[in-house]
Protein chains: 4
Amino acid sequence: MEEINASVDFDKRLAHEDLAGSKAHARMLAACGIISEADGTAIVRGLEEIEAEIAAGHFEFKRSLEDVHLNIENRLAEKIGPVAGRLHTARSRNDQVATDFRLWVRGACDRATAGLKVLQQVLLELAAAHADTIMPGFTHMQPAQPVTFGHHCLAYVEMFARDRDRFVHCARRLNECPLGAAALAGTPYPIDRTMTATALGFDGPARNSLDAVAARDFALDYLAAAAIAATHLSRLGEEIVIWTTPGFGFLRLSDAFSTGSSIMPQKRNPDAAELVRAKSGRILGSFVGLATVIKGLALAYAKDLQEDKEAVFSAADALELCLAAMAGMLSDVTVVPEQMRKAAEAGFPTATDLADWCVRELSIPFREAHHIAGAIVKRAEEMGVALAELPLSQMQAVEARIDARIYDVLTLEASVTARRSFGGSAPEQVRNQIAYWRGKLS
Amino acid sequence: MEEINASVDFDKRLAHEDLAGSKAHARMLAACGIISEADGTAIVRGLEEIEAEIAAGHFEFKRSLEDVHLNIENRLAEKIGPVAGRLHTARSRNDQVATDFRLWVRGACDRATAGLKVLQQVLLELAAAHADTIMPGFTHMQPAQPVTFGHHCLAYVEMFARDRDRFVHCARRLNECPLGAAALAGTPYPIDRTMTATALGFDGPARNSLDAVAARDFALDYLAAAAIAATHLSRLGEEIVIWTTPGFGFLRLSDAFSTGSSIMPQKRNPDAAELVRAKSGRILGSFVGLATVIKGLALAYAKDLQEDKEAVFSAADALELCLAAMAGMLSDVTVVPEQMRKAAEAGFPTATDLADWCVRELSIPFREAHHIAGAIVKRAEEMGVALAELPLSQMQAVEARIDARIYDVLTLEASVTARRSFGGSAPEQVRNQIAYWRGKLS
Amino acid sequence: MEEINASVDFDKRLAHEDLAGSKAHARMLAACGIISEADGTAIVRGLEEIEAEIAAGHFEFKRSLEDVHLNIENRLAEKIGPVAGRLHTARSRNDQVATDFRLWVRGACDRATAGLKVLQQVLLELAAAHADTIMPGFTHMQPAQPVTFGHHCLAYVEMFARDRDRFVHCARRLNECPLGAAALAGTPYPIDRTMTATALGFDGPARNSLDAVAARDFALDYLAAAAIAATHLSRLGEEIVIWTTPGFGFLRLSDAFSTGSSIMPQKRNPDAAELVRAKSGRILGSFVGLATVIKGLALAYAKDLQEDKEAVFSAADALELCLAAMAGMLSDVTVVPEQMRKAAEAGFPTATDLADWCVRELSIPFREAHHIAGAIVKRAEEMGVALAELPLSQMQAVEARIDARIYDVLTLEASVTARRSFGGSAPEQVRNQIAYWRGKLS
Amino acid sequence: MEEINASVDFDKRLAHEDLAGSKAHARMLAACGIISEADGTAIVRGLEEIEAEIAAGHFEFKRSLEDVHLNIENRLAEKIGPVAGRLHTARSRNDQVATDFRLWVRGACDRATAGLKVLQQVLLELAAAHADTIMPGFTHMQPAQPVTFGHHCLAYVEMFARDRDRFVHCARRLNECPLGAAALAGTPYPIDRTMTATALGFDGPARNSLDAVAARDFALDYLAAAAIAATHLSRLGEEIVIWTTPGFGFLRLSDAFSTGSSIMPQKRNPDAAELVRAKSGRILGSFVGLATVIKGLALAYAKDLQEDKEAVFSAADALELCLAAMAGMLSDVTVVPEQMRKAAEAGFPTATDLADWCVRELSIPFREAHHIAGAIVKRAEEMGVALAELPLSQMQAVEARIDARIYDVLTLEASVTARRSFGGSAPEQVRNQIAYWRGKLS
């Protein structure tokens, strides 16, 4: 029973938040005259000493004392005697733990937001360095049209921006303070909930005491944001794994972010990218786990909710590790433009440009222009040449009105540069977006 | 292969959005001089006729035409001839489907927000009618302290408010228009992406063409919001199931929202509440399903993404049904205050009040006061009386300083009313919150 | 990078299996003449000393040595010098870790099977003690027909029997030894894979070297079995939570398996039951996490697979804890037959018996008999009496052919006893099943 | 309410099973003298007519009649009059639906098993044709050691064999008949449960009536088996997607199983492989959905369980489609051995063979031999030659004892052929395994 019930092994990670909450509560109790100023001061001083002990690594958390809260209370009583008992006035374990955990999740949101920003900055620098580096744009993992590596990097800058937005809103949505909800019904003491809420950086007190102690949607919110960010990280991880294979060879990882083989010196296993790709599973699993716990749970507090913390801790650790690993990996990566270009030339990636030219210059309906382009590509394929190398006569045999201006659109550079529509692959567009994001991220 | 590839059976639900997107695109092409005004007008007119056919139920979607887009294009060609082919200029299936689906999800967010609001209003009316109706507040499903049914209803009003907020932010975050991203790299046509974006109610065009066609985090965002809202709905569903058992008897469902038994006329099975409770599984499963699809998917478009729609449709249908069923059920429910009161009297629910009184009036530290209250409750238990009925002498035998004022806090009413802290159970607090929400929801 | 890569913090739990695998491998290498007898003996002796050090708690696992395998190899080299290097002949980390982990999961299956059996035995004793204790049988959580508590306990005995079967088959299905698959392609050394397989209790060597190192479906298999068992445990947990509320009061938990309240001495929070109910989330989350990791993973080994162990460890710990907690809780539970009986009397639980009597004795079609019973129940309800107390004239007013024999079927006892169909609620049937399970579980 | 309650839209898929169950029940009732022979015959005849109507597509399922069962009962009454009402004697909707659904899931297990077998056979033929076709064996998606394509195919044969085993055991474990459990408590009629069980192909009647109507672990069992099989299918799908990129080019899909592009004739998008990869998400989501529904559900029947069917139907449809698509795709695939060989030559894939030779021939400890091999590979890399082309003097400069026999192990063929350990890459081993599986699958 102790084993299933004790939580100090993991909830000790709330110690900092628990102390902050207790200090704010003690100060408020004294300010409202619910405890004496002297008692308030003694309690706060005791809590600060405990904080120092924990920071110094001298605090011993005991499993026999069940959870982090009892460990701290017990130590406080050792330090300041029975007055310690006054700290729990107008408070219950239920609102206390809900407050601690909200504070922790808010901090985790901030760390995620910061980590995402660093990663965006790394990607932005890569984009700036490679705004003109041509690589294949893929659909179905098949080369489709040329783009630039800078353009590709910016796609992830966009994704991580939305991820940041999710964490920002999660942190805002949770920012109501449960303290003062007590066990579930509020308290008859004349407390000032706004004072504690403000002291702890909340926007204000939670408006319903039952909800305050029973709600864990803020934790689900964090886990959902983390799970979605993890799908983005895993997409990037997958691309790194594929792009570092000899068949692609677009990227080379540094020694620090790959593992070698003692006998194959050229081998660089993209372990870190694989682990980033994999961690998305764990984070998704945490969301599922906690959603399943909360599903169908009658109000208000139930012991089931004790399962909230490990789910979030595990996901937050994984996410923060992935963000740091990915930022480190990409800071250090070697881009291989020749391999990218070679791959971009595979197929007839400017066939769409040919069709578009027919629409634009010859006023042929799009669907028909596509058939013309298809027929011309077929001739190039049979002759074993690139589209830019196909004699004009061959093209005119398919559509007589094609003229020499067609060659202006058939090179990779022409194709990339032509896509000047907002957000398109043209280096000038890429540079516009880089400028936009530099402004946003500075 | 047709079977695994065809999607029209489900993506026909995008027909409305597809037509809106195509009309906006055609108008922009004409405005930018990419197609002639006459062609633009013909296309828009054709699309409007198709819209009318669908609205009238006369449009036949054919599986042989694979998806909703080809079905509509084909019909357009039947109506207006080869000019129909010009519609696909400067557009690709990839940006088209991404646009359609964003529009659909935006609509689903709006429906969810509206449905949640209706449910909040129903709960608010219940709260207003029962701001003074005493019921037990539960922890661990055991009666702990008295609250009011109005207070309990407001806890759900809070939860559903946060759920609304999630859908609102989801709708905002997704509100960038993919149209013009074309296959993945943008387009060489001089299109005006802002014009189409504005016409479709987007805040502007998506800033990166690769991201625009590859991203589905907006769908995950919707599913996460739905999954979290579903946990709240399922908590309420569970409470209705339990509260309608004879052992509780707090609520009685109307015939419309329960199923009877042909031989046990008193039996009212809470089928709708059970189904609401259950649907949370399906919605969570949809999130898991789509997150797993997207995990590790290289950019840009891949056929895997075709799995996005059924996941969202199924979850949205379930959520909207649950919201309507729950609002209907609660509009029609009979509250049984006597049963609530009876349950609230079980145990010694004002024991905390007794302890709090000792702290407040006798300046006894909280932890010690709790021991006193425990000893007094034990005496009451042995004598088989409620706390409010226990002779003063019995209390004084435990703690001599207790005096007759103690009886002021030992009734259920006193307990409920005393908790005047912000958000607490006191009817005046409940009424304050009702006023707050009435303002918000009107 | 060390942080994302190091695994010794969790994979040290494989130390026992790793040592067993290494000993078997060393003995085989010597027996096949691949290493000398002397080297083989030295290696085995060294490994046994390490085993003793670990058992005694003297072995220090170092994070700088990355994983459990390198920690052990390093220590072996400290003990026996360069000869330690021969142990890794004809083996790779890939087949080694796959072997270790299969052994661990096999052990976890055995522990789960044993834990389920103990729980079945506890339930069987409860069933034996309460084969005649009448309680309501519920549908939709509403009392429907009377059953006995013994009968209800046996329902869980059945579920846990199927759960055991799942673990048994999981253990059998995984029982092929990867050792000798080496990195992925097998080895040119003349090894005897059957010898190592047999020494480690496997049915034989795995038949394909790529599959041997890449497969983790055995871990998914374990997690699926655990997740399904967890749904059964959570159903039982939910019932205990509900049945210990004052509204039901069917069960009373012992102090050891509930937590009290310092001020409400009668309060027994069913914490352990709640945690058992909750842990199902974590286990399901582990399955989701690992399935997501493995989904879409190209062969053979990838670093992603390092995520397999924590998922399984976390789920196994949770499952084993739940099984022990549930067995302990039920060994110690107090059953309250009077409360069960009272609840069974709620409603008109023998109405079905009345209908059945009409079918049987009066040859009325079932659907019609149900209408008759419904009409009679309505009269009883109006008069406020139980069916067994309703005057015969009242019944005859509905259906003239009903006679006094009807009273034989209207009591709870009569209803329960009448259901003599195989597996039905009749105490004789319950006792038959108890005898069956006693035979099976002894 | 009708909308949330009606299930006929999906449960009509149980019509066949429902009719089979009803016929068996009617025959048993007549055989036991509970209904007359004449009534039994009339009922069975009526049911057979309905069966024919459904088979002919003439049966109209009405939503107003809620579910498949009521639709059939209603039609039976239209056909044979009030006698139809006798069919429901000694039966309830609860045991009826549990029986129907078990029958359906049993059939789904059989279909999955058969589909997996067909896929295994396709893979076996590919393996037979390519037992000698050298390709790179990958770890971390990097080429590591050469294997053969036949060997790689056999890895999947193994996985799908375990998947079949899961479905086989699922079908066996569920094979107990709920019929006769009635609403939850059994029935007072003298029914013969063994007779109906046998008629429906069950091993016998379920032993506990409460469990019989409340259990759905058989559905979870199916979904878990499907989810695990789906991870294997998705791994194969991922490999096909990667192997058909120009960077790899190992495989070429037929037109039937890829989609082209109207303008890039060489483009073959691996749509079917992508969809197979993606469907694993949906199936995993179904498992999560149903597990979440069942978690914490009190016995016996609850309306929540109505969610069981769509989860299973959706997963079964997806699985069966994937199996057929994968078998079709691979039946038709073109293998490109030159591309496989080219990739196998990348890196120094026989470096391990060099090290192994040193261990074997020079008795150098494995760890040391690996360092020697590493140093030699480094020289080859600097000289830009393959290992088999490196002059002996270069190798001897690293380790003087190496002699000309070393060249026997440095070619791809030598490397592959040398791995003769059971289950290794040697073509003779591959052929042994093909023979083994031919025996098993014939």
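Shown above is the structure to which this text applies.
Heads up: these notes are all about the structure in this document. Bear in mind that the values here come from a model prediction, so they are computed numbers and not experimental data. (Residues numbered from 1 in each chain as written. Chains lettered and ligands numbered in written order. Predicted model: local features only at pLDDT ≥ 70, side-chain atom pairs only at ≥ 80, totals over all residues. Heavy atoms only, no water.)

## Quick notes on the overall build of chain A
A count of helices and strands for chain A gives 18 helices and six strands. Along the first, second and third principal axes, the C-alpha atoms of chain A reach 100 × 55 × 40 Å. Out of the 442 residues belonging to chain A, those deemed buried represent 68%. Pairs at least 24 apart in sequence give 73% of the contacts found in chain A among residues at least 6 apart. Only carbon and sulfur atoms are counted for the fraction: they give 50% of the accessible area of chain A, which is about 13,300 Å². Counting 47 positive and 57 negative side-chain charges, chain A places the centres of these two groups 2 Å from one another. (Helix = DSSP H or I, 4+ residues; strand = E, 2+ residues; numbered from the N terminus. Buried < 20%, exposed > 50% of the residue type's maximum accessible area, 1.4 Å probe, protein only. Contact = heavy atoms within 4.5 Å. Areas by Shrake-Rupley, 256 points an atom, 1.4 Å probe, with all protein chains shown as cover. Lys, Arg positive; Asp, Glu negative; His and termini not counted. Charge placed at Lys NZ, Arg CZ, Asp CG, Glu CD.)

## Focus: the pattern of salt bridges
Tallying each qualifying case throughout the model produces 167 salt bridges over all chains. Arg27 of chain A is paired through a salt bridge with Glu48 of chain A; the nearest N and O atoms lie 3.6 Å apart. One end of the pair, Arg27 of chain A, is in helix 3 (residues 15-31); the other, Glu48 of chain A, is in helix 4 (residues 37-55), and 21 residues separate them in sequence. Assessed through its relative accessible area of 41%, Arg27 of chain A is described here as partly exposed. In this structure, the salt-bridge partner of Arg367 of chain B is Glu73 of chain A, at a minimum N-O distance of 2.7 Å. Taken together, the residues span two chains, with Arg367 of chain B in helix 15 (residues 366-383) and Glu73 of chain A in helix 5 (residues 68-80). (Salt bridge = Lys/Arg side-chain N within 4 Å of Asp/Glu carboxyl O.)

## Observations regarding the side chain of Glu17 of chain A
Residues and elements named next belong to chain A. Looking at where Glu17 falls in the secondary structure, it is placed in helix 3. Salt bridges are absent for the buried Glu17, whose nearest opposite-charge side chain, Arg111, sits at 6.1 Å. If sequence neighbours within four positions are ignored, Glu17 has contacts with Asp100, Leu103 and Trp104.

## Focus on the packing of aromatic side chains
As enumerated under the stated definition, the model contains 52 aromatic pairs over all chains in all. Consider the rings of Trp243 of chain A and Phe250 of chain A, whose centres lie 5.4 Å apart with planes at 50 degrees: the pair is tilted. Exposure class is identical for Trp243 of chain A and Phe250 of chain A. Each is buried. Judged by centre distance (6.1 Å) and plane angle (55 degrees), the rings of Phe138 of chain B and Phe248 of chain B are tilted. Pair noted here: Phe138 of chain B is in strand 1 (residues 134-139) and Phe248 of chain B is in the loop between helix 10 (217-243) and strand 5 (251-252), with a separation of 110 residues, a long-range link. (Phe/Tyr/Trp six-rings, centres within 6.5 Å; stacked < 30°, edge-to-face > 60°.)

## Digging into the environment of Pro190 of chain D
All names here are of chain D. With respect to the helices and strands, the residue Pro190 is situated in the loop between strand 3 (176-177) and helix 8 (193-199). According to the relative accessible area criterion, Pro190 is exposed, its value standing at 52%. The sequence separation of Pro190 and His69 amounts to 121 residues, and the corresponding C-alpha distance is 24 Å. Not counting residues within four places of it along the chain, the set of residues in contact with Pro190 comprises Cys32 and Ile34.

## So, the relation of the copies chain B and chain C
Once chain B has been moved 0.0 Å along the axis and rotated by 180 degrees, it coincides with chain C to within an RMSD of 0.1 Å. A rotation of that kind, with that shift, is consistent with a two-fold axis. Rotation axis and chain B: the residue whose C-alpha lies nearest the axis is Gly247 of chain B, separated from it by 2.2 Å. Here 100% of the interface residues in chain B have copies in chain C that are interface residues too; the copies meet face to matching face. (Least-squares fit on C-alpha atoms with pLDDT ≥ 70 in both.)

## Quick word on the relation of the copies chain A and chain B
Here two copies of a chain appear, and what relates them is a rotation about an axis with a shift along it. Superposing chain A onto chain B requires a rotation of 180 degrees together with a translation of 0.0 Å along the rotation axis, leaving an RMSD of 0.1 Å. The residues that chain A uses at the interface reappear at the interface of chain B in 100% of cases, marking a shared surface.

## Overview of the packing of helix 5 (residues 68-80) of chain D against helix 6 (residues 93-129) of chain D
Residue and element names in this part refer to chain D. Interaxial distance between helix 5 and helix 6 falls to 11 Å at its minimum, and their mutual angle equals 110 degrees. Relative to helix 6, the element helix 5 lies roughly perpendicular. Residue-level inspection shows His69, Leu70 and Glu73 of helix 5 in contact with helix 6, the latter providing Arg93, Gln96, Val97 and Asp100. Among the residues making up the contact of helix 5 with helix 6, the classes are represented as two nonpolar, two polar and three charged. (Axes fitted to C-alpha atoms, helices over the stretch in contact; angles between N-to-C directions. Parallel < 35°, antiparallel > 145°, perpendicular 65-115°, else oblique. Nonpolar A, V, L, I, M, F, W, Y, C, P; charged D, E, K, R; others polar.)

## Re the interface of chain A and chain B
Between chain A and chain B, the residue contacts involve 97 residues of the former and 97 residues of the latter. Interface area for chain A against chain B, summed over the two sides, is near 8,400 Å², with a carbon-plus-sulfur share of 58%. Here chain A is connected to chain B by 49 residue pairs in polar contact (both at pLDDT 80 or more). In the side of chain A that touches chain B, the residues fall into 44 nonpolar, 28 polar and 25 charged. (Buried area = accessible area lost by both parts, 1.4 Å probe. Polar contact = N/O pair within 3.5 Å; in protein donor to acceptor, adjacent residues only side chain to side chain.)

## A look at the pairing of strand 2 (residues 142-148) of chain A
Most of strand 2 of chain A is tucked away, with seven of its seven residues classed as buried. Two successive antiparallel strands, strand 1 (residues 134-139) of chain A and strand 2 of chain A, enclose a turn made up of two residues, where His140 of chain A displays a positive phi of approximately 55 degrees. (Pairing = 2+ DSSP bridges.)

## Some thoughts on helix 13 (residues 337-345) of chain D
Side chains that are three or four residues apart share a direction in an α-helix, a result of its 3.6 residues per turn. Residues and elements named next belong to chain D. Within the span of helix 13, buried status applies to Met340, Ala343 and Ala344. Across the axial projection of helix 13, the buried residues extend over an arc of 105 degrees, all falling on one side. Across from the buried face of helix 13, at angles greater than 90 degrees, the exposed residues are Glu338 and Lys342. Elements in contact with the buried residues of helix 13: strand 1 (134-139), strand 2 (142-148), helix 7 (149-173), strand 5 (251-252), strand 6 (334-335) and helix 17 (412-418). Where helix 13 ends, the next residue or the one after it, Gly347, has phi of about 75 degrees, a positive value. (Arc of directions from axis to C-beta.)

## Thoughts on the interface of chain B and chain C
Contacts between chain B and chain C engage 42 residues on the former and 42 residues on the latter. Interface area for chain B against chain C, summed over the two sides, is near 3,400 Å², with a carbon-plus-sulfur share of 61%. Summed over the shared surface of chain B and chain C, the number is zero salt bridges. At the junction of chain B with chain C, the criterion picks out eight residue pairs in polar contact (both at pLDDT 80 or more). Contributions of two or more residues to the side of chain B that touches chain C are made by strand 2 (142-148), helix 10, helix 11 (271-294), helix 14 (351-362) and helix 15 of chain B.

## Quick notes on helix 12 (residues 308-331) of chain A
In this model, helix 12 of chain A (24 residues) spans 35 Å end to end at C-alpha, consistent with the 34 Å of a helix rising 1.5 Å per residue. Most of helix 12 of chain A is tucked away, with 18 of its 24 residues classed as buried. (Expected span 1.5 Å × (residues − 1).)

## A closer look at the pairing of strand 2 of chain D
Relative to strand 2 of chain D, strand 1 of chain D runs antiparallel, the two being bridged by six bridges. Residue Phe138 of chain D lies in a different strand from strand 2 of chain D, and its bridge partner there is Pro143 of chain D.

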